[in-house]
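Examination of the molecular architecture
Residue strings, one per chain:
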Amino acid sequence: MLDFIFESPFNWGVETLSLLIVLVALEAVLSADNAIALATLSQSLHNPKLERRALNIGLAIAYGLRMLLIVSATWIIQFWQFELAGALYLLWLSWQYFAAKQVDQGNRSMTAKSLWQVIPLIAVTDLAFSLDSVTTAIAISQDLWLILLGGTIGIVTLRFLAGLFIRWLEEFLHLEAAGYVAVALVGLRLLLRVVAPALVPPEWLMISLIAVIFAWGFSQHRQRA
């Protein structure tokens, strides 16, 4: 694997540049639901300074885990247990949110957590989402260094998006719920890849569904007191 990395030709031709643009665009599109999940986890700290710190540290750890996932992807994808674990985690995350909403309709956010509770949740959540995006990236390009570069730019984009979503969560009434519906959809897609691969919806359909969900999420502003 290391030989493959060092022997990869860094050819910055039109084809390579085009592939990089596609990989970065793909990361940006697939990161929207990931970003809102991370934003909501960070927002449970109820402290802007701690929210930024949680995102910075959590995504730094997530970056290391994502690079490890990319390097070992050809080995990991042989084991369906990894995708099953990722699917169950994302479904659990979504279920936990909606169960908490049922218990306390008056409390919009989940119970406040400590910084060191939120950081590992951010890292694990990004890793669960990465199972899908890394597999897609490998299907597009066989150049490992290019996928690593795309993933690096993607994690920077994710940090920027999560910061935006933290502010938008305060502004739009349905955005938090829309994010967790999207998280559940990604979890269901991962689960189908394990139990019924023939029923897995195509990427374009998933992106279209998530776009509709987010359109609903941004459809209503909160009423200011």
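Here goes a summary of the coordinates provided. (Residues numbered from 1 in each chain as written. Predicted model: local features only at pLDDT ≥ 70, side-chain atom pairs only at ≥ 80, totals over all residues. Heavy atoms only, no water.)

**Points about the environment of I76**
Secondary-structure assignment places I76 in helix α4 (residues 73–76). Owing to a relative accessible area of 11%, I76 belongs among the buried residues under this scheme. Separated by 55 residues in the primary sequence, I76 and L131 have C-alpha atoms spaced 9.5 Å apart. (Helix = DSSP H or I, 4+ residues; strand = E, 2+ residues; numbered from the N terminus. Buried < 20%, exposed > 50% of the residue type's maximum accessible area, 1.4 Å probe, protein only.)

**A short note on a nonpolar patch on the surface**
Nonpolar side chains collect at one region of the surface, where W75, F79 and F82 lie side by side and expose about 300 Å² of accessible area between them. Here W75 shows up in helix α4. (Patch = residues over 30% accessible without salt bridge, like charges linked within 9 Å, V, L, I, M, F, W, Y side chains within 5 Å. Areas by Shrake-Rupley, 256 points an atom, 1.4 Å probe, with all protein chains shown as cover. Salt bridge = Lys/Arg side-chain N within 4 Å of Asp/Glu carboxyl O.)

**As for the packing of helix α3 (residues 48–71) against helix α7 (residues 144–171)**
At a minimum axis separation of 10 Å, α3 and α7 run at an interaxial angle of 160 degrees. The orientation of α3 relative to α7 falls into the category roughly antiparallel. The two elements α3 and α7 cross, and the hand of that crossing is right-handed. Where α3 abuts α7, its residues E51, R52, L55, N56, L59, A62, Y63, R66, M67, I70 and V71 lie against L144, I147, L148, G151, T152, I155, L158, R159, A162, G163 and I166. Considered class by class, the residues forming the contact of α3 with α7 number 14 nonpolar, 4 polar and 4 charged. (Axes fitted to C-alpha atoms, helices over the stretch in contact; angles between N-to-C directions. Parallel < 35°, antiparallel > 145°, perpendicular 65-115°, else oblique. Left-handed = near helix turned anticlockwise from the far one by under 90°. Contact = heavy atoms within 4.5 Å. Nonpolar A, V, L, I, M, F, W, Y, C, P; charged D, E, K, R; others polar.)

**Focus: the packing of aromatic side chains**
Summed over all chains, the structure comprises 8 aromatic pairs. Relative to Y180, the ring of Y97 has its centre 4.4 Å away and its plane inclined at 5 degrees; by these criteria the two rings are stacked. Note that Y97 is positioned in helix α5 (residues 80–103) and Y180 in helix α8 (residues 175–195), a separation of 83 residues in sequence. Under the relative-accessibility criterion, Y97 is labelled buried at 2%. Through pairs of rings, three or more aromatic residues link up here, namely F165, W168, F172, F214 and F218. (Phe/Tyr/Trp six-rings, centres within 6.5 Å; stacked < 30°, edge-to-face > 60°.)

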